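Each chain, written out:
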Amino acid sequence: MNQFIPISGLLSFTLVSLLYIYFGVPDKGVAFNEDANTSGTLQAMQFWNDARKNSNNRFPDQGLLDEYYKVKLRKTTDNNSSIDANWTAIGPKNIGGRTISIAVNPQNLNTIYAGSASGGLWRSYSAGEGENAWEYVRTGFPVHGVSSITFAGDDSSEIYIGTGEVYNLYNTRGGVSVRETRGSYGIGILKSTDGGNTWSKSLDWSYEQGRCVWAVKVNPLNRKTVWAGTTNGTYKSTNAGSTWNRVHDTLMVTDLIVNPVDTNTVLVACGNLFSTGKGIYKTIDGGNSWRHITNGLPSDYKGKALFAQYKSDPRIIYLSLGNGYWAGAGTKLLRSVDGGETWQTMAATDFSDYRGDYASYQGWFSHFVVVNQQDPNMILAAGVDVFKSRDGGNTLQQKSYWYNWYFGRTAAGGPEGPLNYSHADHHAYAVSPDNPNVVYLATDGGIFRTTDFGETFEGLNGGYQTTQFYNGFSTSFTDSSFSIGGMQDNATAVYDGSEEWVRVIAADGGWTGINMLNNHISYGSWQELKIVKLTRASRGVYLESYIAPPASGTVGFIGPFVVSTSDPQIIYAGRGIVFKSTNSGTNWTATNNSVAITNNPPVSMAMSYTNPNVVFVGTAPVNYTSEIFRTVDGGSTWMEIKGELPHSYPMDIEVDPDNDDNVFVVFSGFGISHAYRSTNKGDDWINIGNGLPDVPATSVTVDPAKPYYVYVGTDLGVFFSPDTGHSWVDMNGDLPDACMVTDLSVSRSNRKLRIATHGSGVFETDMIDEYIVGVEEPALPETFHLSQNYPNPFNPTTAIEYNISNAAMDANYVSSRKVVLKVYDLLGHEIRTLVDAEQYPGTHKVLFNASGLASGVYYYRLSIGGESATRKLTLIK
């Protein structure tokens with residue numbers, strides 16, 4: 001392990017940056033007009049939600065699943081609609097991403113399921129131990145956030161998962177400018193009856209993607225009875241999830257517990273961020289009637305609230321109550337000894353100041369309480385950090401310290417910090433059924449575990465590729481093993497050819513950049529455009545220099561900056577006032593004569609590859625409609641060039657590497673076209689979104705070797721155009737279901753396309769060398785006919801037959817004609833030339849021996865003159 005602590009006099013910066021993210025002290029000019037000391041996570045989620053609103057300025061009820069099905073249908077009915085690209089996961093395999101649910105198989109304690117915030121469902125058969133402990137679980141549905149996981153107690157092959165991540169619904173939070181707060185889409189509840197191999201819909205919210213299921217609980221005495229706590233109330237099924245009825249309509253159910261002795265008794269916790277009806281509700285008749293419990297609960301109850309019940313005496317219940325999104329909001333730990341009828345605030349949190357406030361500014365987001373099932377007075381209270389009490393919550397002792405994480409390279413599955421380190425922001429827990437001292441923790445940094453009930457901690461993230469990257473991911477032009485990107489709550493990470501990435505800087509990682517003439521110099525950032533220059537001292541070791549531009553002008557939570565590829569001394573940084581440096585960030589000058597070009601926060605930037613005076617900036621429609629600006633004189637003047645483009649977030653801009661007249665922009669949101677092109681630097685725009693799914697598009701890039709090849713990243717993966725956007729092809733191949741792509745970058749030296757995702761880490765695949773269109777019946781049958789190979793599928797030899805007619809000869813009747821027959825893989829790479837010769841009219845047969853090739857689908861193409869035809873063939877070994 002190469003542990004690295006930032007040096008070069010940057011200790012004060014590192015501490016300030018870490019304090020910012022966790023104590024929420026925002027820079028002046030914050031785009032979201034929040035109260036001082038607000039949660040940075042809250043701003044990030046507001047941005048995620050706001051960027052995905054439709055033309056009515058609302059997060060739509062439907063869209064994602066419809067488009068997912070359309071893409072799948074096209075794939076099965078149109079051979080030309082998809083490319084089965086082979087994607088390789090390249091990590092990080094040593095840094096876990098934000099995780100919001102976890103469960104242990106009660107009949108096999110080594111089998112653990114984890115629900116990532118936006119990377120779907122994961123499973124470990126080794127209790128999370130090892131460098132490749134985790135595998136992605138396909139559900140067959142576009143599942144991003146898995147908010148709850150539960151087993152039917154006496155049959156662990158029966159599993160329910162709740163989906164979505166929503167902390168606020170229907171504008172319930174007053175006084176804050178950006179309304180809803182959500183982190184991913186939901187589709188209801190899915191169920192498996194074969195141990196997670198296949199899944200089906202249970203509570204079907206396919207067309208209500210703004211909802212979330214926070215708790216699913218199975219009756220311990222009758223597994224046909226299942227309860228669900230959701231953003232839209234409390235639901236109950238009496239037929240093992242086949243049908244559901246809403247039995248309580250108070251919104252924002254954050255947790256529920258079923259009394260293990262009297263299963264007609266159920267408690268639900270409702271409310272978050274000031275939602276209507278917030279409070280604790282109880283039924284003793286299986287949901288037919290409910291009472292609002294108030295005795296002993298704080299009058300300023302704001303939610304979120306979560307329970308912990310002592311099963312040997314279910315009258316003993318703890319309640320973790322988070323009160324808001326600012327430091328010192330006043331998290332409360334409460335206890336009931338009469339089944340939830342009355343509550344007492346425990347002494348450790350019975351203060352008006354920060355003492356005992358273990359959730360602090362994340363009270364709306366991440367915290368819980370765990371009771372040791374051998375001792376009802378032994379509890380863990382977790383939020384930003386983990387605290388322990390041996391006296392029922394009268395005193396709390398801090399046990400984990402988030403800031404002790406290791407920088408540099410940590411081994412996959414190895415220590416990520418000392419024994420008192422568990423990553424910040426604890427969302428959920430699971431207790432081992434046979435040992436109450438073993439508790440698994442779901443955090444913003446993946447999975448952690450304590451085996452001694454909070455005395456020590458260890459990370460279990462080997463192979464758990466779930467990090468949430470932001471836009472601004474960078475890849476070297478000359479070194480195929482060098483990329484850098486910023487992640488939600490996991491700092492910035494450098495890929496240097498190893499799946500064990502190197503963690504640098506701090507806080508939430510943002511945009512990055514590389515000096516394309518010197519790979520030893522790169523750049524990262526943290527929230528609100530705090531830029532850091534990185535100098536590679538040796539492999540895996542980087543020196544850091546803080547070079548942020550002045551804090552003037554509106555800035556987003558994640559602000560963009562770009563480094564010139566032709567003159568890397570030049571950097572532009574995107575605030576309301578765009579700043580420029582001509583000496584690698586040592587000094588900055590305000591462009592546009594120090595006058596702000598916008599009151600919106602910039603969200604995207606791009607620069608000409610050949611002329612650093614040409615720069616484009618896209619802004620988020622926070623204060624008014626979105627904009628796109630251009631300068632052609634190095635920032636002396638800026639021109640607004642959006643024209644008739646959509647009123648939505650311009651998430652990414654790309655300039656043709658060979659011709660900066662050609663510019664591409666993609667838009668988030670629903671109900672619009674998502675991709676546009678200009679051939680005159682943005683003076684006019686051409687809609688090229690026809691054929692892309694109507695879901696948020698977040699990134700675009702152009703093949704530098706073939707600029708008519710365009711790639712677009714969306715909330716449903718990657719799409720490719722072979723003709724500058726006139727048509728689009730799905731190239732998701734074996735990517736995770738509904739992969740949320742946040743950025744695309746090209747590794748020029750080995751022609752790889754890399755995608756940074758929001759929840760699934762980073763993948764790469766070969767760029768398309770030659771796009772081959774498969775057809776069932778070749779064109780031009782009057783000149784030649786290409787038959788289907790036989791046998792097909794085959795192993796390892798098959799025959800390809802074709803017929804050349806006299807009509808294939810030219811007007812002067814040349815007795816023979818040049819014939820070429822080649823085999824390609826799915827990405828258009830040439831595999832074999834079978835024929836390259838003059839041939840006469842008539843029937844010809846060629847044997848193709850595929851020994852040495854991997855099983856899979858290939859194409860063979862026959863060309864005579866300027867005419868060609870193509871068919872598929874399948875090799876199965």
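Residues numbered from 1 in each chain as written. Predicted model: local features only at pLDDT ≥ 70, side-chain atom pairs only at ≥ 80, totals over all residues. Heavy atoms only, no water.

In this structure, the largest pocket occupies an estimated 1500 Å³ of space. Ile149, Thr150, Lys217, Lys311 and Tyr429 are the residues nearest the centre of the largest pocket, which is lined by 48 residues in total. Secondary structure elements with two or more residues in the lining of the largest pocket: strand 3 (99-104), strand 7 (146-152), strand 13 (213-218), strand 17 (253-258), strand 21 (305-309), strand 25 (368-372) and strand 30 (426-431). A class-by-class count of the residues in the lining of the largest pocket yields 30 nonpolar, twelve polar and six charged. (1 Å grid on protein atoms, 1.4 Å probe; cavity = no way out; pocket = protein on both sides within 12 Å on 5 of 7 lines; lining within 4 Å. Points joined across faces, edges and corners; volume = space filled by probe spheres on them. Helix = DSSP H or I, 4+ residues; strand = E, 2+ residues; numbered from the N terminus. Nonpolar A, V, L, I, M, F, W, Y, C, P; charged D, E, K, R; others polar.)

Turning our attention to the pattern of salt bridges. Per the stated rule, a full pass over the model turns up 32 salt bridges. The salt bridge partner of Glu165 is Arg98, with a shortest N-O separation of 2.4 Å. Taken together, the residues span a long stretch of sequence, with Glu165 in strand 9 (residues 165-166) and Arg98 in the loop between strand 2 (88-91) and strand 3 at a distance of 67 residues. Pair check on accessibility: Glu165 and Arg98 agree, each one buried. Of the charged contacts, one joins Glu135 and Arg123 as a salt bridge, the two residues approaching to 2.8 Å between their closest N and O atoms. Of this pair, Glu135 sits in strand 6 (residues 134-137) while Arg123 is found in strand 5 (residues 121-124), placing the two residues twelve residues apart along the sequence. Overall, the relative accessible area of 31% leaves Glu135 in the partly exposed class. Residues participating in the shared-partner salt-bridge network are Asp155, Glu158, Lys191 and Arg223. (Salt bridge = Lys/Arg side-chain N within 4 Å of Asp/Glu carboxyl O. Buried < 20%, exposed > 50% of the residue type's maximum accessible area, 1.4 Å probe, protein only.)

In spatial order, the strands read 17-18-19-20; together these four strands make up an open sheet with antiparallel pairing. With one partner strand each, in any of the chains shown, strand 17 and strand 20 (291-293) form the two edges of the open sheet. Averaged over all pairs of adjacent strands, the angle between their axes in this sheet comes to 25 degrees, without regard to strand direction. Pairing of strand 19 (residues 279-283) with strand 20, which is carried by three bridges, proceeds in the antiparallel orientation. Of the residues in strand 20, the one forming a bridge with Ile280 is Ile293. (Pairing = 2+ DSSP bridges. Axes fitted to C-alpha atoms, helices over the stretch in contact; angles between N-to-C directions.)

A word on the nonpolar core. One recurring pattern in soluble globular proteins is that nonpolar side chains are buried together. Ranked by size, the top nonpolar core spans 30 residues in total, and within it Tyr523, Ile531, Phe561, Tyr572, Val578, Met605 and Trp638 carry the most contacts. Where this core is concerned, the elements lending two or more residues are strand 39 (521-526), strand 42 (561-563), strand 43 (571-574), strand 44 (578-581), strand 46 (602-607) and strand 47 (615-619). Residues in contact with Tyr523, not counting those within four places in the same chain, are Ile484, Trp511, Thr512, Gly513, Val532, Lys533, Ile547, Phe561, Val563, Pro568, Ile571 and Ser584. Counting residues in each nonpolar core, the second largest holds 29 residues, with Leu380, Leu441, Ile484 and Ala507 among its members. (Core = buried A, V, L, I, M, F, W, Y, C linked by side-chain atoms within 4.5 Å. Contact = heavy atoms within 4.5 Å.)

Under the defined criterion, the tally for this structure stands at three cavities of 30 Å³ or more. In this structure, the largest cavity spans a volume of roughly 600 Å³. Taken together, 34 residues line the largest cavity, and the ones lying closest to its centre are Phe473, Ser474, Thr565, Tyr609 and Glu654. Elements represented by at least two residues in the lining of the largest cavity include exactly strand 34 (474-475), strand 38 (513-514), strand 42, strand 46, strand 50 (650-655), strand 54 (697-702) and strand 58 (741-747). A class-by-class count of the residues in the lining of the largest cavity yields 20 nonpolar, ten polar and four charged.

Taken in spatial order, the four strands make up an open sheet running 2-60-59-58, and their pairing is antiparallel. Sheet topology places strand 2 and strand 58 at the edges, where each strand pairs with a single neighbour. Shown here is a sheet whose adjacent strand axes are inclined to one another by a mean of 30 degrees, direction ignored. As defined by bridge partners, strand 59 (residues 752-757) adjoins strand 60 (residues 762-766) across five bridges and the pair is classed as antiparallel.

For strand 14 (residues 226-230), the buried fraction is high: five of the five residues fall into the buried class. For strand 13 and strand 14, the ladder comprises five bridges, and the chain directions are antiparallel. For Lys217, the partnering residue across the bridge sits in strand 14 and is Trp227. Between strand 14 and strand 15 (residues 233-237), which pair antiparallel in sequence order, lie two residues.

Mapped onto the fold, Lys217 is located in strand 13. Separated by eleven residues in sequence, Lys217 and Ala228 place their C-alpha atoms 6.4 Å apart. When neighbours within four sequence positions are excluded, Lys217 is seen to be in contact with Thr225, Val226, Trp227, Asp255, Leu256, Ile257 and Val258. A polar atom in the side chain of Lys217 sits 2.6 Å from the backbone oxygen of Leu256. (Polar contact = N/O pair within 3.5 Å; in protein donor to acceptor, adjacent residues only side chain to side chain.)

Of the residues in the protein, 90% have a pLDDT of 70 or more, and the chain-wide mean is 89. Contacts for the low-pLDDT stretch residues 1-37, under 50 throughout, to residues beyond four places or in other chains number 113 contacts. Counted against residues more than four places away or in other chains, residues 172-179, with its pLDDT under 50, gives 27 contacts. (pLDDT = per-residue confidence, 0-100.)

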